[in-house]
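Listed here are the chains, written in short residue letters.
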Amino acid sequence: MKQLRLRYILPAILLSTAIAPTAEAAEYRQAKTPLHLRTAPTAKATSVNVIPTGVYIKELGRLGDWSKVRYGAKTGYASSKYLLTEAQIGGKRFGSVLLVNKQYALKSTYAPGENVVARGEFERMKADAKKDGIHLVAFSTYRSYAYQKNLFAKYVEQDGIVKASTYSARAGRSEHQTGLAFDLGGKDSTLFAKAAFAKTKESKWLEQHAHAYGFHLRYPKGKEAETGYTYESWHYRYVGKAIASHLKLRDMTMEEYYKVVPTLH
Ligand SMILES: [Zn+2]
């Protein structure tokens, strides 16, 4: 009996000591501004990469004013004062994905600007769409906290708070503040952010192909109870190819996928 128990306990101990140090020490961070990833904890050290804003990286430890971080496959050092903690970002993180909705708000000071990875994928998608005779335009991407605050106030004045809340977000609760949300349109600019965009060939092309570039139709038809927003055929959220494809295949919203209960006000 004793021997049998040891046989099971030993591998378990070895396994836990091998994994625990990195798993426990790593904290998720984001760069406040595009930030150099250096080979040593000094500004004189060679920069091996630039960490963009709006992307989660892992902080493995601290050395004075420097953080040892992992960005993609690379490990190096970045200045700690330019790293944001999760509390300074807000929203809710699942793996490396930031969820923002009526329940999980961003901090007013979080201002990553337009996400460079999302922009790159959008440009690739736009070029491919063109080959199919489809003209795509990103007419609204990053929006600051202050901009959203004014926008929402304008809509409340126009329609009242109850109606405004079904189609617009309060400051901090807009995905546009993440820099990952792209409002897309086609040739006809009069249909930008209009329900009629859904019937256009551009909208149909996006519905079929956007996931292959990492974009997810964030507020689909018939999912108002989950997302808290009316159908927006133009609002796409960059989540990366794997998740976007998973959501598309299963006809799921981010709220369903991450199993978060929406608050509808
Ligand atoms: Zn939008």
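Residues numbered from 1 in each chain as written. Predicted model: local features only at pLDDT ≥ 70, side-chain atom pairs only at ≥ 80, totals over all residues. Heavy atoms only, no water.

Engineer: With reference to specific residues and values, describe the overall build of the protein chain.
Structural biologist: Helices and strands together make up the secondary structure of the protein chain, namely 9 helices and 13 strands. A separation of at least 24 residues holds for 63% of the contacts in the protein chain among residues at least 6 apart in sequence. Of the accessible surface of the protein chain, which amounts to about 14300 Å², a share of 56% is contributed by carbon and sulfur atoms. (Helix = DSSP H or I, 4+ residues; strand = E, 2+ residues; numbered from the N terminus. Contact = heavy atoms within 4.5 Å. Areas by Shrake-Rupley, 256 points an atom, 1.4 Å probe, with all protein chains shown as cover.)

Engineer: Tell me about the environment of Lys92, residues and numbers included.
Structural biologist: With respect to the helices and strands, Lys92 occurs in strand 8 (residues 92–94). Separated by 74 residues in sequence, Lys92 and Thr166 place their C-alpha atoms 21 Å apart. Apart from residues lying up to four places away in sequence, Lys92 is in contact with Val97, Leu98, Leu99 and Tyr104.

Engineer: For the pattern of salt bridges, give the residues involved together with the corresponding values.
Structural biologist: Tallying each qualifying case throughout the model produces 13 salt bridges. Among the ionic pairs, Arg29 bridges to Glu59, the shortest N-O distance being 2.9 Å. Residue Arg29 is located in strand 1 (residues 27–31), and its partner Glu59 is located in strand 4 (residues 56–63); the two are separated by 30 residues in the primary sequence. A relative accessible area of 6% places Glu59 in the buried class. The salt bridge partner of Arg62 is Glu59, with a shortest N-O separation of 3.0 Å. (Salt bridge = Lys/Arg side-chain N within 4 Å of Asp/Glu carboxyl O. Buried < 20%, exposed > 50% of the residue type's maximum accessible area, 1.4 Å probe, protein only.)

Engineer: Pulling in residues and values, what's your account of the side chain of Glu175?
Structural biologist: The residue Glu175 is located in the loop between helix 5 (161–167) and strand 11 (181–185) in this model. At 2.8 Å, the side chain of Glu175 and the side chain of Arg218 are in polar contact. At 3.2 Å, the side chain of Glu175 forms a polar contact with the side chain of Arg237. The contact partners of Glu175, leaving out residues within four places of it in the chain, are Val100, Leu180, Ala181, Arg218, Tyr219, His235, Arg237 and Met254. (Polar contact = N/O pair within 3.5 Å; in protein donor to acceptor, adjacent residues only side chain to side chain.)

Engineer: Could you give me a rundown of the packing of aromatic side chains, with the residues and numbers involved?
Structural biologist: Aromatic ring pairs: the centre-centre distance and the angle between the two ring planes describe each pair. Taken as a whole and judged by the stated rule, the model has 10 aromatic pairs. The interplanar angle of 85 degrees and the centroid separation of 5.9 Å between the aromatic rings of Tyr28 and Tyr56 together place this pair among those described as edge-to-face. With a gap of 28 residues between them, Tyr28 in strand 1 and Tyr56 in strand 4 connect regions that are remote in the sequence. Each member of the pair, Tyr28 as well as Tyr56, is classed as buried. Clustering of aromatic rings is evident, with ring pairs tying together Phe122, Phe182, Phe215 and Tyr238. Against the face of Tyr28 rests Arg93, its NZ or CZ located 3.5 Å from the ring centre. A cation over a ring is seen here: Lys102 above Tyr229, with NZ or CZ 4.3 Å from the ring centre. (Phe/Tyr/Trp six-rings, centres within 6.5 Å; stacked < 30°, edge-to-face > 60°. Lys NZ or Arg CZ within 6 Å of the ring centre and 35° of its normal.)

Engineer: Go over the coordination of the zinc ion with me, naming the residues and quoting the values.
Structural biologist: With distances of 2.1 to 2.8 Å, the protein atoms coordinating the zinc ion are His176 (NE2), Asp183 (OD), Asp183 (OD) and His235 (ND1). If you look at the zinc ion, its 4 donor atoms make angles of 51 to 155 degrees with each other, and the shape they trace is irregular. For His176, a relative accessible area of 2% puts it in the buried group. Taking the relative accessible area as the measure of exposure, His235 reaches 3% and is therefore buried. (Donors = N, O, S within 2.8 Å, 3.2 Å for Na, K, Ca; no water. Tetrahedral: all angles 85-135°; square planar, octahedral: opposite > 155°, others 65-115°.)

Engineer: Could you give an account of the layout of surface pockets, with specific residues and numbers?
Structural biologist: Remark: the empty space left among the atoms is shown by a probe the size of a water molecule rolled over them. In this model, the largest pocket occupies a volume close to 510 Å³. The wall of the largest pocket is formed by 26 residues, among which Arg143, Tyr155, Tyr167, Glu232 and Trp234 lie closest to the centre. Elements with a contribution of two residues or more to the lining of the largest pocket: strand 10 (137–140) and helix 4 (145–159). Here the lining of the largest pocket is composed, by residue class, of 12 nonpolar, 7 polar and 7 charged. (1 Å grid on protein atoms, 1.4 Å probe; cavity = no way out; pocket = protein on both sides within 12 Å on 5 of 7 lines; lining within 4 Å. Points joined across faces, edges and corners; volume = space filled by probe spheres on them. Nonpolar A, V, L, I, M, F, W, Y, C, P; charged D, E, K, R; others polar.)

Engineer: Could you give an account of the environment of Phe139, naming the residues involved and the relevant values?
Structural biologist: Along the chain, Phe139 turns up in strand 10. On the basis of relative accessibility, which here comes to 26%, the residue Phe139 falls in the partly exposed class. Expressed as a C-alpha distance, the spacing of Phe139 and Phe182, which sit 43 residues apart in the sequence, is 7.6 Å. For Phe139, the contacting residues outside a window of four places in its chain are Asp183, Leu184, Gly185, Phe192, Ala193 and Trp234.

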